[in-house]
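# Descriptive analysis of the structure
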Amino acid sequence: MLRARKIRKSFGLGDRSLEILHGVNLELKSGELLALVGASGAGKSTLLHVLGLLDRPQEGEVIIDGADAWKLSVQERANARNKKIGFVFQMYHLLPELNAVENVMLPAMIAESRLVFGSKRKQHHERAAILLERFGLSNRFKHRPGQLSGGERQRVAMARGLFHDPTILLADEPTGNLDTATGERVLELLFEEQSRRGLSMILVTHDMRIAKKCQRVMLMEDGQIQADSSLPMPA
Amino acid sequence: MFRSFLSWRYLISRRSNLVGIGGILLGVGAMILILSIMTGFLEEQRRAIRGTLSDVIIRPERIVGPNGMVIDPAPFPEPILELLLADPRVRGAAPQLQWAALISEKGIDFSTLFSSPAAAENVTKEIVGIDLRTDLRLVEPALSAALASIGAFAPRYLVQDELDATGFLESLTGRDGELGWTIAPRMPLFPFETGREERALRTPACIVGEKLGRQFGISPGDTIQLATLVFPPDSEPKLNNRDFVVSGLFKTEANDVDSKRIYVDRFELADFIGTFRSYSQILVRIEGDDHVAARAAIETRLDEENLILGPTYANEVLTWEDTNRPLLGAIENERMLMAIMLSLVLIVAGFTIFATLSMMVTEKRRDIGILSALGATPSGILSMFLMIAFWDALIGALLGGAIGVLAAFRIDAIERWLSAILGVQIFDRDVYLFTHIPTIVQPLSVASIVGGAFLIAHIFAAIPAWRAARLDPLTALRYE
């Protein structure tokens with residue numbers, strides 16, 4: 001489904017370079033729920049951005065559906081982000097000018113021309129409404145992000161991430177900005193959708209309690225995978 | 001889809017965009033209004049220049065060789081007129097004799113004027129000898145009395161006259177009664193049917209420009225004296241003077257014509273000045289608007305018949321534009337300069353779009369990152385910001401265009417309203433010789449201005465839009 005090989009990523013820091021990822025290898029199987037845990041600065045989010053085709057690595061390859069995604073054209077990569085990958089960010093990242101339904105439909109707006117979108121508008125609207133209803137937001141369709149609570153915003157963001165039925169969902173600390181109870185409710189919904197859809201999902205977190213709920217856990221330290229629960233523990 | 005949808009949302013959700021729209025609105029509206037007024041003024045000027053000119057002017061050269069032998073291919077106008085009138089392209093043709101004369105009230109000693117060049121310049125006027133088909137012109141009520149009184153008429157075998165050959169008649173009539181002839185009320189009608197010989201016993205008549213009349217306090221019915229230098233072939237130049245009765249005044253829009261010109265019978269003038277030719281040029285009016293082609297054809301024809309000296313003398317056959325090249329060029333330059341200056345207003349509007357879009361790109365960095373993460377391409381983001389400029393231009397240009405066109409049509413009412421509010425006369429009708437502010441709204445100009453607004457808006461939006469497209473999605477996502 002998703003395979004990353006020897007990913008190296010460094011950032012320029014003045015006249016020297018700071019290496020964040022030191023040749024990371026990762027394989028995500030179809031329908032697998034993987035938790036990426038580690039302390040702040042371990043390189044979890046950077047790895048997620050590389051896997052999500054948002055940040056180009058200096059070395060290595062990201063294979064999605066058999067093709068090295070970083071060798072695709074800008075247009076093809078954008079298309080892959082739109083159709084194959086769903087994102088859920090810690091900061092929700094909703095557009096403040098759009099209401100909840102419009103935010104959820106945004107991937108379709110980006111993918112389609114005015115003409116195509118116009119002919120399918122009703123269909124898209126219904127689909128967005130179903131997703132929002134499923135996340136308990138049936139009375140929040142016309143609300144803008146500023147009029148929603150943190151938990152509601154994150155649920156809108158989740159609905160948006162799932163709108164195009166992606167094969168991979170990348171969630172970066174989705175409960176990081178929520179209180180414990182709301183966070184748990186949001187995670188519960190997210191796991192439910194992952195399991196129902198058979199989604200391949202990577203969840204970045206630094207909370208081991210959350211990670212334990214996932215099928216597989218990978219521990220990252222200093223830009224390297226230190227432990228993988230699917231592999232036998234080193235002696 | 002997201003380009004138009006989001007750009008519209010961004011546009012309506014931010015008041016700062018109103019500055020860009022307002023700038024375009026103001027620029028387009030002002031340009032349309034001012035250029036319409038300018039075009040109106042310039043067209044009035046052009047029409048005034050055009051009024052007394054024919055389409056094509058023939059001025060056959062006459063040269064005197066080193067041995068004193070004179071070469072004059074056309075000492076009389078008739079052969080040229082016959083040739084012209086046989087040409088289907090020619091609508092009218094008439095000879096004209098031009099001279100300069102000093103004007104004075106009767107009894108003034110002209111010789112005193114020669115000692116003062118300034119005074120002489122003030123009284124030096126253009127005296128024009130013309131032919132009129134007086135009998136035919138008499139059916140035109142407004143003109144009949146004056147035309148009859150001037151007593152000029154064209155020989156019967158020529159069916160065209162001065163008024164056929166120029167736009168002078170049009171410049172006098174059909175202008176809301178503001179222009180035209182003022183006829184001497186007690187002026188006895190000269191019997192036009194009688195020949196010149198009989199009329200020669202009376203004082204000859206003339207028609208003078210209205211401004212010239214005002215300058216010298218001349219009313220219809222007054223007698224003026226004209227003096228000029230004549231050059232008899234057998235003696236030294238001498239001063240000759242003659243009395244003329246003013247049979248009427250005319251008013252065109254051309255300052256030079258109204259303040260300097262005196263019309264008399266061509267043969268009367270020829271007799272007065274004793275010139276070697278009874279005409280100085282032949283005025284030709286042609287069918288259609290292609291003056292340049294007509295000029296070339298006439299020149300070739302006259303050359304073939306040896307009625308002009310030929311190609312060596314390039315200025316023998318001219319179009320009316322040729323004779324007024326510097327003035328027309330100046331008018332065009334003025335129009336062009338005005339357009340350039342006014343386009344600066346649009347450029348200022350472009351800068352406001354640049355500023356508001358630059359601010360927007362900075363503020364919307366996070367949104368740009370979100371869009372990238374969701375699959376928007378850099379070109380999609382670029383065109384989304386360009387579309388904001390498109391909306392700016394569309395709304396600004398449509399409103400500005402409508403306001404500009406409406407204002408151009410209602411400029412007199414606006415001027416009166418503003419004058420009343422400000423307590424000053426904005427448009428002085430005495431200065432400009434017309435009672436209304438002339439405006440001409442040219443659809444092509446309006447389209448160019450609107451097109452220019454779109455172009456400027458997009459050019460100025462291109463830099464911030466390019467910046468937005470080049471933003472690293474991650475940097476943008478991290479932006480708070």
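The following paragraphs examine the structure supplied in this document.

### Quick word on the overall build of chain B
A count of helices and strands for chain B gives 21 helices and 12 strands. The proportion of buried residues among the 480 residues of chain B is 42%. The contacts of chain B with a sequence gap of at least 6 include a subset with a gap of at least 24, amounting to 82%.

### Some words on the interface of chain A and chain B
On the side of chain B, 20 residues touch chain A, which itself brings 23 residues to the contact. Among the secondary structure elements, those contributing two or more residues to the side of chain A that touches chain B are α2 (74-83), α3 (100-111) and α4 (114-134) of chain A. With 6 residues, the top contributor of residues to the side of chain A that touches chain B is α2(A). Residues of the side of chain A that touches chain B, tallied by class, amount to 12 nonpolar, 6 polar and 5 charged.

### Quick notes on the pairing of strand β10 (residues 261-265) of chain B
Residue and element names in this part refer to chain B. Counting buried positions along β10 yields 5 of 5 residues, so the element is predominantly enclosed. The pairing of strand β7 (residues 205-209) with β10 spans 2 bridges and is classified as antiparallel. Looking at β10, one finds that Val 208 is bridged to Ile 262.

### Brief notes about the sheet that holds strand β9 (residues 216-221) of chain A
Residue and element names in this part refer to chain A. On the basis of which strands lie adjacent, the open sheet formed by 6 strands has the order β6-β7-β8-β3-β9-β10 and mixed pairing. A strand with exactly one partner marks an edge of an open sheet, and here the two such strands are β6 (85-88) and β10 (224-228). With strand direction ignored, the average angle separating the axes of adjacent strands in the sheet is 20°. Sheet analysis places β9 next to β10, joined by 4 bridges and oriented antiparallel. Each bridged residue has a counterpart across the sheet, and for Met 220 the counterpart in β10 is Ile 225. Lying on the sheet, helix α1 (residues 44-51) is in contact with β3 (33-38), β7 (168-172), β8 (200-205) and β9; it crosses β8 at an angle near 155°.

### Notes on the packing of helix α17 (residues 378-409) of chain B against helix α20 (residues 443-470) of chain B
All names here are of chain B. In the contact formed by α17 and α20, the axes pass within 8 Å of each other and the chain directions differ by 155°. By the angle between their directions, the pair α17 and α20 is classed as roughly antiparallel. The two elements α17 and α20 meet at a crossing, and its hand is right-handed.

### Points about the environment of Thr352(B)
Residue and element names in this part refer to chain B. Structurally, Thr 352 can be placed in helix α15 (residues 325-363). Its 22 C-beta neighbours within 10 Å are what place Thr 352 among the buried residues. Distance in space between the C-alpha atoms of Thr 352 and Gly 23 is 7.2 Å, their sequence separation being 329 residues.

### Details of the environment of Arg153(A)
Tracing the backbone shows Arg153(A) in helix α5 (residues 150-162). For the pair formed by Arg153(A) and Leu94(A), sequence separation is 59 residues and the distance between their alpha carbons is 7.6 Å.

### Topic: the sheet that holds strand β4 (residues 59-64) of chain A
All names here are of chain A. Across the sheet, 4 strands lie side by side as β2-β1-β4-β5; this open sheet has antiparallel pairing. Two strands bound the open sheet, and with one partner strand each, they are β2 (16-28) and β5 (67-68). In this structure, strand β1 (residues 2-13) lies alongside β4, joined through 5 bridges in antiparallel fashion. Bridging from a neighbouring strand, Arg 5 pairs with Glu 61 of β4. Sheet strands touched by α1: β1, β2 and β4. Its angle to β1, the strand with the most contacts, is close to 120°.

### As for α3(A)
Most of α3(A) sits inside the fold, with 12 of its 12 residues counted as buried. Those residues of α3(A) that fall on the buried side of the exposure criterion are Ala100(A), Val101(A), Glu102(A), Asn103(A), Val104(A), Met105(A), Leu106(A), Pro107(A), Ala108(A), Met109(A), Ile110(A) and Ala111(A). Where the residues of α3(A) are buried, they touch α2, α4 and α5 of chain A together with α1 (2-13) and α16 (365-373) of chain B.

How each quantity is defined
- Residues numbered from 1 in each chain as written.
- Chains lettered and ligands numbered in written order.
- Predicted model: local features only at pLDDT ≥ 70, side-chain atom pairs only at ≥ 80, totals over all residues.
- Helix = DSSP H or I, 4+ residues; strand = E, 2+ residues; numbered from the N terminus.
- Buried ≥ 20, exposed ≤ 12 C-beta atoms within 10 Å, placed from the backbone.
- Contact = placed C-beta atoms within 7 Å.
- Nonpolar A, V, L, I, M, F, W, Y, C, P; charged D, E, K, R; others polar.
- Pairing = 2+ DSSP bridges.
- Axes fitted to C-alpha atoms, helices over the stretch in contact; angles between N-to-C directions.
- Parallel < 35°, antiparallel > 145°, perpendicular 65-115°, else oblique.
- Left-handed = near helix turned anticlockwise from the far one by under 90°.

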